[in-house]
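One-letter residues, chain by chain:
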Protein chains: 2
Amino acid sequence: MPTDIEIARAATLQPITAIAQRIGIPDEALHPYGRHIAKIDHGHIRSLAARPEGKLILVTAISPTPAGEGKTTTTVGLGDALNRIGRKTVICLREPSLGPCFGQKGGAAGGGRAQVVPMEAINLHFTGDFHAITSAHSLAAAMIDNHVYWGNALGIDLRRVAFRRVLDMNDRALRSITQSLGGVANGFPREDGFDITVASEVMAVFCLARDLADLEARLGRIVVAENRDRKPVTLADLKATGAMTVLLKDALQPNLVQTLEGSPALIHGGPFANIAHGCNSVIATRAGLRLGDYAVTEAGFGADLGAEKFFDIKCRQAGLNPSAVVIVATVRALKMHGGVAKADLGSENVAALERGFANLARHVENVRRFGAPVVVAVNHFHADTEAEHAALKALCRDRLDVEAITCRHWAEGAAGAEDLAHAVAALADAGPAAAPRFAYPDAMPLEDKIRTIAQTLYGAADVQIESKAAGKLAAFAQAGHGNLPVCMAKTQYSFSTDPTLMGAPSGHVVAVRDVRLSAGAGFVVAICGEIMTMPGLPKVPAAEGIHLDAEGRIEGLF
Amino acid sequence: MPTDIEIARAATLQPITAIAQRIGIPDEALHPYGRHIAKIDHGHIRSLAARPEGKLILVTAISPTPAGEGKTTTTVGLGDALNRIGRKTVICLREPSLGPCFGQKGGAAGGGRAQVVPMEAINLHFTGDFHAITSAHSLAAAMIDNHVYWGNALGIDLRRVAFRRVLDMNDRALRSITQSLGGVANGFPREDGFDITVASEVMAVFCLARDLADLEARLGRIVVAENRDRKPVTLADLKATGAMTVLLKDALQPNLVQTLEGSPALIHGGPFANIAHGCNSVIATRAGLRLGDYAVTEAGFGADLGAEKFFDIKCRQAGLNPSAVVIVATVRALKMHGGVAKADLGSENVAALERGFANLARHVENVRRFGAPVVVAVNHFHADTEAEHAALKALCRDRLDVEAITCRHWAEGAAGAEDLAHAVAALADAGPAAAPRFAYPDAMPLEDKIRTIAQTLYGAADVQIESKAAGKLAAFAQAGHGNLPVCMAKTQYSFSTDPTLMGAPSGHVVAVRDVRLSAGAGFVVAICGEIMTMPGLPKVPAAEGIHLDAEGRIEGLF
């Protein structure tokens, strides 16, 4: 099997205008970025509003392991396969973050014969959306200190500035800084720090906004600081939102690319899946539903974080009704959940698979609570055995009454995911999609929302909310934010807050260390354990091996 | 007269493919960014190498004043007028910096009927080149601290890291910071700071590189720190250059746009004109010379900084031979140099004009030293009087033996600059362009180079090099950098280092406070006085008034 990059390079891409035509987008509605990427004009997006919406399919996964599950690959393969069996399908993905490309080797555009292309462009600057978000965020940050510098008419309390700075690079040295040093001309010294751009609330706002007007309104609600009376100061107070919206105007138009098999893919937005909701933009998802009869999308991390937030935050805010959910698992990853070390994954081990199955089982049960029909996609790896796949299917059927389907899209492209496509289409076509049953109602108190998620979805005995965090929750409710959904910031590796507890731990206590208000995005973040919002580079960064070869092609990125 | 933005909006732009066709660029060689902007493929740029080069015209100016001179506007108007009189001309400009757009109102794409379009895109994200430069610089910065974090095999002395961080935003709070605070996981605390992206050495390298290979080699020579033995540590030592080149690969392709009158314009790169050389990219200038019979370009600030660096740094490194130099002046600005306050510029004042003429005279004499023929463009403003223009022309003729030509391209477009175009064409066509006579030979010691510039071009009595700076110059020479040209970082408002000394001061002493090695760009920076490498926002930033109107158009940016 050739490598991902070899497959991508060998592909003959269609002009993006041809891809657009297949879903009825005329040339005039496209803003090309080269020959194989285009943004879809705001005007065309608006013109779609009256169209009926297709069926929404969510692809989520078991708790991630170092073995790799292939969620994006499966999303692409499923989209390709649905098109192959004659269902007009649009794939909706998140944009990859630039910084991490230079840390660990590996892009985020699928793999094998289930990739979106051109993969180098998608993984690097793409259409500049994240740069626009970095710029908008940086402008707001500069306006905060500038406001204080010139007299601080809003009375901002410099000790209580919540809005940090951002950069789209893995740079641990910027996590914690003191700034405005060097004397009078540089302002009032204070503590600050940088997050990576995907952790910016501007990113979350970008991905939840319905349109430009909603974007600007949401930006205006972002609380950046408190004044000396402990009242919130927002970006609207700072008059920053008009210019930020101008900076984000082009970026908010969804990006159209293609898969290796020519399926249309909208790749747009990419918020963190811990301190934010981890889904691509609402604008792109809605566009996908109106341009296709099916839209296949994914959510970050495992279903405990990704699917829960997809339902409780994205679907709740945007009024989306998913028709089916695919949970991706692999034999390898389930064996790891069953206690096998990564080095030993090459050997058949049905017993370990059966132990690790508990992780998949809880995710299936959890997703079913939201009311959408579920199917399990078993992403085939070459060392898997027949016995392992048969055992997994039997476990799914016997213990969960859910169908598990082996997929080979990585090796075979769309043909390898045809069975999954038929199953998904059958589930989605069984009837009109119902509104999801959310994990909690809007009116439930914030603390109870956190407890409900932990107890019903994580298997926790209880939550332990630190007193400072509890005080902040009370203040949020007091300020009128009690109806917001909560966004759990928890390790993706475990149902618990201990990343080493694989499988399906129960009876643990979820400690909530801190909470943050994302009033623009429209959720309250509950921080459980240490959450890294600015990654670092490893000892030997991938950057050291990235270069142009003699023919000017990019090497070492993937 | 309608405003700049009204004129730009009323214009009907041609498809960029049609503009490209006029200078022989086939569609396949273009990477479109929307319908009116395209990058020219590296392969096509390489294919031009065998072509003969056209004539190079430099547009420079008197010392800038708050009255405004219109150097970019004149560059655009002259290019349009040359095309109008049948000379195939390509305009080569710098890309505007994003940050300053949000400080003082006003774009950097010309004005009136002499503009490059689409002006909103050019002034905002454009094709993302500056974002790519920010990313490449940020990666290098992260790799420095990451190297130290993981063991510091190169023995970097954290007190001697010269490579600061960058951001394309006016943010005074980041000028001086301490970083890596917060404990073991965040690295070793040290002092640092951010410059604006245009001040990055990566930007200067980008603009002086011949091609991708030269870019990578220059990046590798950037000295980022010293080790404990005071030996230089470079980006090559950190293995950062391959990935940086990958990040800059697309950006290094010149951007093609059009003027309001349909002239082709290459807008590419934009280094600071104080701590860097202030010219657009060598790649774009060379491409302009091979695509047109004439290429008109500009250099930053007044001729004392811009033209001097254009000759002594850009032409020297790239082997360019300018055929003519246009020095832009205005009656208004010369009256300011003659002592008139901005509020009083509306009244005729020939005596003040004559006093202020000294500034123009010195610039003309200076530029002539480089050997290229000179013409003065008097950019007409509506309050100017006939008597003032007549007086200025007579002064130029009688005292300098140089032609001064009134231009009305701002109000009239190309038709208003026809006389200037004829004069420039006559100068350029008079014979083959000779190699410039540089202000100093490569072999002259660095201190003497600084002294020569100050004495022969600034009218200074002497230079006073602080002992620390002198020691650094000696060390640079010792390390083999003595043959580099010098890049003067001085106020643009005066021939002296005192920005309030207008006109043509003499006998002053130029104090050199510090020097810096830009080994990748290939020059030594001499810092005279306070040079700001990270601007701040004003009390009422332009950002507060920037917004989208009801029709989604950008308001308040210009």
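So, how was this worked out
- Residues numbered from 1 in each chain as written.
- Chains lettered and ligands numbered in written order.
- Predicted model: local features only at pLDDT ≥ 70, side-chain atom pairs only at ≥ 80, totals over all residues.
- Heavy atoms only, no water.
- UniProt positions renumbered as here; feature names shortened; annotations may be inferred.
- Helix = DSSP H or I, 4+ residues; strand = E, 2+ residues; numbered from the N terminus.
- Buried < 20%, exposed > 50% of the residue type's maximum accessible area, 1.4 Å probe, protein only.
- Contact = heavy atoms within 4.5 Å.
- Polar contact = N/O pair within 3.5 Å; in protein donor to acceptor, adjacent residues only side chain to side chain.
- Pairing = 2+ DSSP bridges.
- Right-handed = clockwise from strand over helix to strand, strands pointing away.
- Axes fitted to C-alpha atoms, helices over the stretch in contact; angles between N-to-C directions.
- Least-squares fit on C-alpha atoms with pLDDT ≥ 70 in both.
- Phe/Tyr/Trp six-rings, centres within 6.5 Å; stacked < 30°, edge-to-face > 60°.
- Lys NZ or Arg CZ within 6 Å of the ring centre and 35° of its normal.
- Domains from an automatic or database assignment.
- Buried area = accessible area lost by both parts, 1.4 Å probe.
- Salt bridge = Lys/Arg side-chain N within 4 Å of Asp/Glu carboxyl O.
- Nonpolar A, V, L, I, M, F, W, Y, C, P; charged D, E, K, R; others polar.

All names here are of chain A. Mapped onto the present numbering, the UniProt feature "binding site: ATP" (unreviewed entry) falls at Thr65, Pro66, Ala67, Gly68, Glu69, Gly70, Lys71 and Thr72. Residue position: Gly68 is located in the loop between strand 3 (55-61) and helix 4 (71-84). Overall, the relative accessible area of 25% leaves Gly68 in the partly exposed class. Every residue in contact with Gly68, bar those within four places of it in the chain, is listed here: Thr330, Ala333 and Phe381. Looking at the secondary structure, you find Glu69 in the loop between strand 3 and helix 4. Leaving out residues up to four positions away in the same chain, Glu69 has contacts with Ile62, Ser63, Pro64, Val328, Thr330, Ala333 and Asn379. Looking at Glu69, its side chain comes within polar contact range of the side chain of Thr65, at 2.9 Å.

Our next topic: the pairing of strand 19 (residues 404-407) of chain A. Residue and element names in this part refer to chain A. Of the two faces of strand 19, both are covered, the one formed by Ala404 and Thr406 as well as the one formed by Ile405 and Cys407. Here four bridges tie strand 18 (residues 374-379) to strand 19, and the two strands are oriented parallel to one another. The partner of Asn379 across the bridge, within strand 19, is Cys407. At this point the chain moves from strand 18, through helix 14 (residues 386-400), to the parallel strand 19, and the crossover so formed is right-handed.

Residue and element names in this part refer to chain B. Pairing is mixed in the open sheet, where three strands are placed in the order 21-24-23. Edge positions in the sheet fall to strand 21 (486-489) and strand 23 (514-518), since each of these pairs with one other strand and no more. On average, each strand axis in the sheet is inclined to that of its neighbour by 25°, with strand direction left out of account. Strands strand 21 and strand 24 (523-527) of the sheet are contacted by helix 17 (residues 446-457), whose axis makes an angle of about 50° with strand 21.

For the pair chain A and chain B, the superposition axis carries a translation of 0.0 Å, the fit reaches an RMSD of 0.0 Å, and the rotation angle comes to 180°. Such a turn and shift between the copies fits a two-fold axis. Relative to the rotation axis, the C-alpha of Tyr33(A) is the closest in chain A, positioned 2.3 Å from it. Most of the interface of chain A is mirrored in chain B, where 100% of its interface residues again form contacts.

The next point concerns the packing of aromatic side chains. Under the criterion given, the structure shown has eight aromatic pairs over all chains. With a centroid separation of 5.3 Å and 5° between ring planes, the pair formed by Phe194(A) and Phe194(B) is classed as stacked. Within this pair, whereas Phe194(A) is found in strand 11 (residues 194-196), its partner Phe194(B) is found in strand 11 (residues 194-196), the two belonging to separate chains. Aromatic side chains Phe310(B) and Phe311(B) sit 5.7 Å apart centroid to centroid with 80° between the ring planes, which places their arrangement in the edge-to-face category. Of the two residues, Phe310(B) and Phe311(B), both sit in the buried class. It is Lys490(A) that lies over the ring of Tyr458(A); its NZ or CZ is 4.7 Å from the centre. When the ring centre of Phe495(B) is taken as reference, the NZ or CZ atom of Arg362(B) above it lies at 4.7 Å.

Residue and element names in this part refer to chain A. Looking at the assigned domains, one finds that chain A contains domain 1 (4-128 + 251-430), domain 2 (129-246) and domain 3 (446-527). For domain 1 and domain 3, the distance between their C-alpha centroids amounts to 27 Å. Each side of the interface is counted separately: domain 1 has 26 residues, and domain 3 has 26 residues. Taken together, the two surfaces of domain 1 and domain 3 that pack against each other cover about 2,100 Å², and 61% of this comes from carbon and sulfur. Its largest share of buried area at the contact with domain 3, domain 1 owes to Ile275, Asp304 and Arg362, together 28% of the area lost on that side. The interface formed by domain 1 and domain 3 contains one salt bridge. Lys490 is the partner of Asp304 in a salt bridge, and the nearest nitrogen-oxygen pair spans 2.8 Å. Along the contact surface separating domain 1 from domain 3 lie 11 residue pairs in polar contact (both at pLDDT 80 or more). Of all the elements in the fold, those that place two or more residues in the side of domain 1 that touches domain 3 are helix 11 (306-318), helix 12 (331-337) and helix 13 (350-369). Of the residues contributing to the side of domain 1 that touches domain 3, the split by class is 10 nonpolar, nine polar and seven charged.

To continue, consider the environment of Asp462(A). Residues and elements named next belong to chain A. The topology assignment puts Asp462 in strand 20 (residues 462-465). Residue class for Asp462 comes out partly exposed when judged on its relative accessible area of 30%. Excluding anything up to four places from it in sequence, Asp462 contacts Arg451, Gln455, His508, Val509 and Val510. There is a polar contact of 2.9 Å between the side chain of Asp462 and the side chain of Arg451.

Here we come to helix 10 (residues 282-291) of chain B. Across the 10 residues that make up helix 10 of chain B, a large majority, 10, are buried. Three or more residues of helix 10 of chain B are buried, namely Val282(B), Ile283(B), Ala284(B), Thr285(B), Arg286(B), Ala287(B), Gly288(B), Leu289(B), Arg290(B) and Leu291(B).

Another aspect to go through is the pairing of strand 20 of chain A. All names here are of chain A. Across the two faces of strand 20 the burial differs, with Val463 and Ile465 buried and Asp462 and Gln464 not buried at all. The pairing of strand 20 with strand 22 (residues 509-512) spans four bridges and is classified as parallel. Note that in strand 22 the partner of Gln464 across the bridge is Ala511.

Another aspect to go through is the interface of chain A and chain B. With 63 residues of chain A at the interface, the matching set in chain B holds 63 residues. Together chain A and chain B conceal approximately 5,300 Å² of surface at their shared face, both sides included; 66% is due to carbon and sulfur atoms. Counting the contacts that link chain A with chain B gives two salt bridges. The partner of Arg165(A) in a salt bridge is Asp171(B), with the nearest N and O atoms 2.9 Å apart. Between chain A and chain B we count 29 residue pairs in polar contact (both at pLDDT 80 or more) in total. Going through the elements one at a time, strand 1 (30-32), helix 6 (129-149), strand 8 (165-167), strand 9 (177-179), helix 9 (241-248) and strand 25 (547-548) of chain A are the ones with two or more residues in the side of chain A that touches chain B.

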